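Next come the chains, spelled out residue by residue.
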Amino acid sequence: MSEHKSNLRPPTEVLTRGFDPKLSVGSARPAVFRSSTYVFSSPEAAERAFDVVSDRAQPLPGEHIDLVYSRLNHPNAEILEDQVTPLEHGAGSALVFNSGMAAIMTAMFTFLRPGSTVVYTVPIYGGTQHLIRDFLPLWGVTGIPVPAGAGARLDEVIRAASPTVVLIETPANPTLTMTDIRRACRTASALPAENGRGRPLVIVDNTLLGPSFQHPLVCGADMVVYSATKYLSGFSDMIAGVALSADPEVMRQVRAKRNLFGNILQPDECWMLDGRLPTVSLRMNRASKNAQRIAEQLARHPNVLKMNYPTLFADEEQRSIFRSQCDYPGAMFSMEVRDSKRGAFDFLRSLRIARNAVSLGGVETLVCHPKTTTHSGFTEEEFRVAGVTDGLVRASIGIEDWRDLLGDFEQALNCV
Ligand SMILES: *Cc1c(COP(=O)(O)O)cnc(C)c1O
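Residues numbered from 1 in each chain as written. Predicted model: local features only at pLDDT ≥ 70, side-chain atom pairs only at ≥ 80, totals over all residues. Heavy atoms only, no water.

1. Thoughts on the pairing of strand β5 (residues 201-205)
1) Next: Among the 5 residues that make up β5, 5 are buried, leaving the element largely enclosed by the rest of the structure.
2) Next: Sheet topology note: the strand β4 (residues 165-169)/β5 ladder contains 5 bridges and is parallel. If you follow valine 166 over to β5, its bridge partner there is valine 202.
3) Next: Here β5 pairs with strand β6 (residues 223-227) via 3 bridges, running parallel. Looking across to β6, one finds that isoleucine 203 is bridged to methionine 223. (Buried < 20%, exposed > 50% of the residue type's maximum accessible area, 1.4 Å probe, protein only. Helix = DSSP H or I, 4+ residues; strand = E, 2+ residues; numbered from the N terminus. Pairing = 2+ DSSP bridges.)

As structure tokens, this is what we get:
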């Protein structure tokens, strides 16, 4: 691993740290190391490596520790983790996982115990909701949902519940309702340490606006998690997850659980993702500019009853969170189409460029109907709280020419 040059800016760092061509026969880009096991330089080096990976010893500054076995660590994960770290402002290190859900699940199992409480914003990603609402209770963990954007309510619940973990997903999918990360972190950090569990750990799922437009660690969060399947990878062709933190102790604990669960990202996927990192901010910037132009125009279309997009927020508190928390509005919007479910389906059926698929964050534009797909497991009450109506469609805008996309959306809306 190359030396960390911390005076460089993220777009330079992502291309210069974490990879030493000398260790890959001089190749200018990283090689893929597919070995499951590594040959030790000596029995003493093997003993030392086991002491370190088993957490019985800490490496000395500058000490070279032999690699052991690829469930624990491998060169492509090390390269990727080194290179993704500077993209997340305030992060000290990263851990890569074989999905976003693997990152979230591992973080939860690292810190929660029977009797623990996790406070989480809703709507939240469906897999995360299933984990907290249906699975963690089997292990004695209580989940308390709080509607996204309800800052005062979140304060109250954090104070009353003294949770072990506060999990915030912001903006919320599909309405983009924003939760104030700084406020939640302030409330959590003011809890007295003598509540028996210490200060709650604030974890933010930054998939929708990170790493380019929203920086939760700078706002005071303890950890950020990602579905790298989305913007970080950007081409809708792989599944991956990342967890980042400024706190080495937090990362040490999560790493120990990843070693145990075996959900590290595999070398080929690490190599693919690693090659995508230098263009994350280019792709996100272009997609966000496209989305803003399209959302602001479509908001005036007679068959669009409501447009959810950060630059069009009507609520003063939402506008203020957006201004103070996000650099750009991002590439997702959702809109309520005239004529309810039939209108939404007519719209989806009539699209020629944008494709009807779930997921987001790719270079190609994807559109879906949340009520019958991504959010179909919700109860009527959850639909109401989350603002998921029959006529709502969600768009993840890509990097096509925005004028072609706008034309496509307009012709499809005219078919409603
Ligand atoms: C997709 C997604 C996840 C889950 O990630 P996978 O890579 O599919 O496991 C978690 N959170 C958010 C916000 C997502 O969009």
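Following the structure, the description resumes.
2. A look at the nonpolar core
1) Next: Phe333, Met335, Phe347 and Phe409 are the most contacted members of the largest nonpolar core, which totals 62 residues.
2) Next: The greatest single-element share of this core, amounting to 7 residues, is contributed by helix α10 (residues 280-298).
3) Next: Apart from the residues lying within four places of it in its own chain, the contact partners of phenylalanine 409 are Ile294, Leu298, Phe333, Met335, Phe347, Leu351, Ala354, Thr365, Val367, Ala395 and Ile397.
4) Next: Counting residues in hydrophobic clusters, the runner-up holds 27 residues, among them Leu131, Val141, Ile203 and Met223. (Core = buried A, V, L, I, M, F, W, Y, C linked by side-chain atoms within 4.5 Å. Contact = heavy atoms within 4.5 Å.)

3. What about a nonpolar patch on the surface?
1) Next: On the surface, Phe135, Leu138 and Trp139 cluster together to form a nonpolar patch covering roughly 350 Å² of accessible area.
2) Next: Locating tryptophan 139 in the fold gives a position in the loop between α5 (126-135) and β3 (142-147). (Patch = residues over 30% accessible without salt bridge, like charges linked within 9 Å, V, L, I, M, F, W, Y side chains within 5 Å. Areas by Shrake-Rupley, 256 points an atom, 1.4 Å probe, with all protein chains shown as cover. Salt bridge = Lys/Arg side-chain N within 4 Å of Asp/Glu carboxyl O.)

4. Remarks on the packing of helix α3 (residues 75-84) against helix α9 (residues 267-276)
1) Next: Running from N to C, α3 and α9 cross one another at 30°; their axes reach a closest spacing of 8 Å. As judged from the angle between their axes, α3 and α9 are roughly parallel. In the packing of α3 onto α9, the handedness of the crossing is left-handed. Touching Asn76, Ala77, Ile79, Leu80 and Gln83 of α3 are Pro267, Cys270, Trp271, Leu273 and Asp274, all from α9.
2) Next: Within the contact of α3 with α9, the residues separate by chemical class into 7 nonpolar, 2 polar and 1 charged. (Axes fitted to C-alpha atoms, helices over the stretch in contact; angles between N-to-C directions. Parallel < 35°, antiparallel > 145°, perpendicular 65-115°, else oblique. Left-handed = near helix turned anticlockwise from the far one by under 90°. Nonpolar A, V, L, I, M, F, W, Y, C, P; charged D, E, K, R; others polar.)

5. Some details on helix α12 (residues 340-350)
1) Next: When we look at burial in α12, the residues that qualify are Gly343, Ala344, Asp346, Phe347, Leu348 and Ser350.
2) Next: Packed against the buried residues of α12 are β9 (332-337), β10 (355-356), β11 (366-368), β12 (392-396) and α14 (402-414).

6. A look at the site of the ligand
1) Next: Around the ligand, the structure places 15 residues, and the nearest of them are Met101, Asp205, Ser227, Thr229 and Lys230.
2) Next: Between the ligand and aspartate 205 there is a distance of 2.7 Å, counted from a nitrogen atom to a side-chain nitrogen or oxygen.
3) Next: For the shell around the ligand, the element with the highest residue contribution is helix α4 (residues 100-111), accounting for 3 residues. (Near = heavy atom within 4 Å. Polar contact = N/O pair within 3.5 Å; in protein donor to acceptor, adjacent residues only side chain to side chain.)

7. Description of the pattern of salt bridges
1) Next: For the structure shown, the criterion picks out 23 salt bridges.
2) Next: Where glutamate 317 meets arginine 183, a salt bridge forms, and the shortest distance between an N and an O atom there is 3.9 Å. Residue glutamate 317 is located in helix α11 (residues 316-325), and its partner arginine 183 is located in helix α7 (residues 181-189); the two are separated by 134 residues in the primary sequence.
3) Next: Of the residues examined, glutamate 317 reaches a relative accessible area of 38% and is grouped as partly exposed.
4) Next: Aspartate 346 is the salt-bridge partner of arginine 349, the closest N and O atoms lying 3.3 Å from each other. Of this pair, arginine 349 and aspartate 346 both sit in helix α12, 3 residues apart, which is roughly one turn of the helix.
5) Next: The class for arginine 349 is exposed, based on a relative accessible area of 60%.
6) Next: Look at the salt bridges and you will find they share partners, linking Asp55, Glu249 and Arg252 into a network.

8. Considering the environment of aspartate 51
1) Next: Structurally, aspartate 51 is set in helix α2 (residues 43-53).
2) Next: What makes aspartate 51 partly exposed here is its relative accessible area of 25%.
3) Next: As for aspartate 51 and glutamate 336, which are separated by 285 residues in sequence, their C-alpha atoms are 57 Å apart.
4) Next: Discounting residues that sit within four places of it in the chain, aspartate 51 has contacts with Arg56 and Ala57.

9. Observations regarding the packing of aromatic side chains
1) Next: Applying the stated rule across the entire model yields 10 aromatic pairs.
2) Next: When the centroid spacing of 6.0 Å and the interplanar angle of 85° are considered together, the rings of phenylalanine 109 and tryptophan 139 count as edge-to-face. You can see phenylalanine 109 sitting in helix α4 and its partner tryptophan 139 sitting in the loop between α5 and β3, a full 30 residues away along the chain.
3) Next: The class of phenylalanine 109 is partly exposed, set by a relative accessible area of 23%.
4) Next: Owing to a relative accessible area of 47%, tryptophan 139 belongs among the partly exposed residues under this scheme.
5) Next: Members of the aromatic cluster, joined through ring pairs, are Phe109, Phe135, Trp139 and Phe261.
6) Next: Across the ring face of phenylalanine 97, the terminal group of arginine 258 is positioned such that the distance to the ring centre comes to 5.9 Å. (Phe/Tyr/Trp six-rings, centres within 6.5 Å; stacked < 30°, edge-to-face > 60°. Lys NZ or Arg CZ within 6 Å of the ring centre and 35° of its normal.)

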